[in-house]
Structures are given as C-alpha cells and as structure tokens.
Amino acid sequence: MSTLNKDQSEYWNGEVGQRWAAYHQALDTAFAPFTEALFARAALKRGQRVLDIGCGAGDTALIAARQVGSGGHVTGADLSEPLLAVGRDRAAREAPSAAPIAWLRADAQDHAFDGRFDHALSRFGVMFFEDSAAAFANIRRSLADGGRLSFLCWRSLAENAWVTVPRDAVLPLLPEVEPPQPGAPGPFRFAAPDTLLPILEAAGFHGIECEPVDRVMRVGETIEAAADFVATRGPVARLLREREPALQETALKIIRQLFVERFGDGPVDLGAACWLVTART
Ligand SMILES: C[S@@+](CC[C@H](N)C(=O)[O-])C[C@H]1O[C@@H](n2cnc3c(N)ncnc32)[C@H](O)[C@@H]1O
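Residues numbered from 1 in each chain as written. Predicted model: local features only at pLDDT ≥ 70, side-chain atom pairs only at ≥ 80, totals over all residues. Heavy atoms only, no water.

A. Looking closely at the site of the ligand. In the neighbourhood of the ligand, 18 residues make up the surrounding shell, with Gly54, Asp78, Asp107, Ala108 and Arg123 lying closest. Take Asp78: an N or O atom from its side chain is 2.5 Å from an oxygen atom of the ligand. Burial of the ligand by the protein chains amounts to 97% of its free accessible area of 600 Å². Of the residues assigned to the shell around the ligand, the class counts are 10 nonpolar, 5 polar and 3 charged. (Near = heavy atom within 4 Å. Polar contact = N/O pair within 3.5 Å; in protein donor to acceptor, adjacent residues only side chain to side chain. Areas by Shrake-Rupley, 256 points an atom, 1.4 Å probe, with all protein chains shown as cover. Nonpolar A, V, L, I, M, F, W, Y, C, P; charged D, E, K, R; others polar.)

B. Focus on the environment of Thr164. When you line up the elements, Thr164 lands in helix α7 (residues 161-170). With a relative accessible area of 14%, Thr164 lands in the buried category. (Helix = DSSP H or I, 4+ residues; strand = E, 2+ residues; numbered from the N terminus. Buried < 20%, exposed > 50% of the residue type's maximum accessible area, 1.4 Å probe, protein only.)

C. Representation of the packing of helix α6 (residues 132-141) against helix α8 (residues 193-202) within the structure. The contact between α6 and α8 brings their axes to 8 Å, and the two run at 45°. Taken together, the axis directions place α6 and α8 in an arrangement best described as oblique. Of the two possible hands of crossing, α6 and α8 adopt the one that is right-handed. Contacts from Ser132, Ala133 and Phe136 of α6 reach α8 at Leu196, Ile199 and Leu200. (Axes fitted to C-alpha atoms, helices over the stretch in contact; angles between N-to-C directions. Parallel < 35°, antiparallel > 145°, perpendicular 65-115°, else oblique. Left-handed = near helix turned anticlockwise from the far one by under 90°. Contact = heavy atoms within 4.5 Å.)

D. Quick peek at α7. For α7, the tally of buried residues reaches 7 of 10 residues, placing the bulk of the element in the interior. Within the span of α7, buried status applies to Trp162, Val163, Thr164, Val165, Pro166, Arg167 and Val170. Among the structural elements, β5 (143-154), β6 (206-220), α9 (223-232), α10 (235-240), α11 (245-263) and β7 (268-280) are those in contact with the buried residues of α7.

E. Here's a closer look at the packing of aromatic side chains. Following the criterion strictly, the structure yields 15 aromatic pairs and no others. Between Tyr11 and Trp12 the ring centres are 5.1 Å apart and the planes differ by 85°, which places this aromatic pair in the edge-to-face class. A residue is classified by how much of its surface remains accessible, and Trp12, at 13% relative accessible area, is buried. In this structure an aromatic cluster arises from ring pairing among Phe31, Phe34, Phe124, Trp154, Trp162 and Phe229. Sitting above the plane of the Trp275 ring, Arg155 keeps its charged end 5.3 Å from the centroid. Over the ring of Phe229 we find Arg233, and its NZ or CZ is 4.5 Å from the ring centre. (Phe/Tyr/Trp six-rings, centres within 6.5 Å; stacked < 30°, edge-to-face > 60°. Lys NZ or Arg CZ within 6 Å of the ring centre and 35° of its normal.)

Here it is in structure tokens:
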C-alpha cells in the first residue's frame, strides 16, 4: 500500500482505529440521519458498481450492497485494517441478495482501482488526504463515463454543537496542544466550500453541488453512553488523548455533569451540520 498518508494510516490503524471498530454501532446510530440523506441523494440503482471511500467499519458499503443488489458490486476502500475487519465480518452475515463487497486496504489518494465505478460515495471519509487534489483526481479516474460522486463532510466546528458543547466545557482544563491548521487533513478540512470547489473542478468533476444538511445527532441514549461517545471519538477525544488519567477523569466528570443538567437521564441529542456534496464526471 502507498505510504503517502503515513500519519493517517498510523492513526486509523492504531488505538483510534481499534476504538472506532469497537464502538462502530454507536457511530452508525449517531450518523444515521446523515446516512439517510446521503443515500436519498445518491439514488443508487440495481446492478451499479459502487466505491465507498474511507468505508470504515462498513455501514455505508453494506447499505450500498443491499441497494445495488446481487447484480451489482461494491468496493469498500480504507487505510484501516481493524475497521475493514469489522466490515468483512458484518458482510458475512448479509442476505445473499446483497452485492458482493471487496474490502480493500488501500489509500484512495493514489490506489489504481481495478475497474470503473458508476458511483463513488463516502460518509466522512474524504477529509483526511495529505493531497486532496491528487486524491479527487484519482477518484475521478476510477469513475466510468457518466459516473457520479456523493459524499458527506462536516461544516464548521462552530455549527456542530455535538462537538462544541462538550469541547467548550473542557477547554479551560485541556487547552488545545496543537490547534488544527487550516487546510490540514482533519474532520473540518472542507468546512468552507470554497476550499473544496476548486479541487473538485480541477479533478474534472462537473455539476458540483454542496447542500447543507442539518440534523439532530443522537450522541447517546444515556448520559454514560453520550459521555463515552464524546470521550472516545472525534475532536473531544483528541483533546483527552495522552493526558494524565486524573485530568481525563475530571474532564469526563464535567461532561457528564453538563449532560445531566441539559438532558436529565438522556437521551443526549445535539445539533450537527454537514455538507452533502454531489458531482458528476
Ligand atoms: C471519520 S472515519 C469515517 C468512516 C466511515 N466512512 C463511517 O462513516 O463510519 C474516516 C475514515 O477514512 C479512512 N481514511 C482516511 N484517509 C484515507 C485514505 N487516504 N484512503 C482511504 N481511507 C482513508 C479512515 O481510515 C477512516 O476509516
């Protein structure tokens, strides 16, 4: 596999990837309203060949496989072996009417995909490329004539209460060690469409549309589940990582307390905002 995205590969194959693999169900639940919006716009057809970019633990690859049916084909590409392993395992339990899925450990930035896809899609898997221009050009090359691209990426941090509410509560205790740099790989890489549009145009995409999608995210059914969610995945987890255990425990207490004040026994529902980006070849 290519070593272009070495840092991301280490990140998604290390502790973070293991954690996402272990907790994939809670993530799939939290992302469900966005997943629905993605597939409603993608409108996949029976028999299509689909590429899922940064497929993670496979939720969207599995949905695509059901939608295109046994005459279609899905490739789930990801850097992370622990996440692909979850996808493989889940696919083994799918009904025979779903399309076969090839689980591919590959860097979507430069992998020479075998075959041309009718549709490339992604749920939050395209913001981590070292060289986004090269990556989207590669994805464009993987598409057949008339092929389509549909993906979700986060809007700004400020518009995502599921991050800012717990983050603002613990920032005084855990200031950012390394604030994310604009343009660097990360969840909010394409928060501003004017950073994304020229990249997609240069890659050869047409009819590019960025539709804002605002949904309520179920962060957890209970206070404990919600605190666990924010402490183990996403930007708050990043603040907590590699801190003294006592400091982590204090931060968690603050988050739990805040959630109890706002949500009683739960569930914890907070606002989330992303772009649903669509384009064609
Ligand atoms: C935020 S997670 C989303 C996972 C999955 N799409 C989901 O919604 O559950 C980002 C995923 O992108 C993958 N990824 C990051 N950079 C990648 C690259 N260059 N090529 C392929 N996958 C990549 C990561 O390994 C990770 O699984």
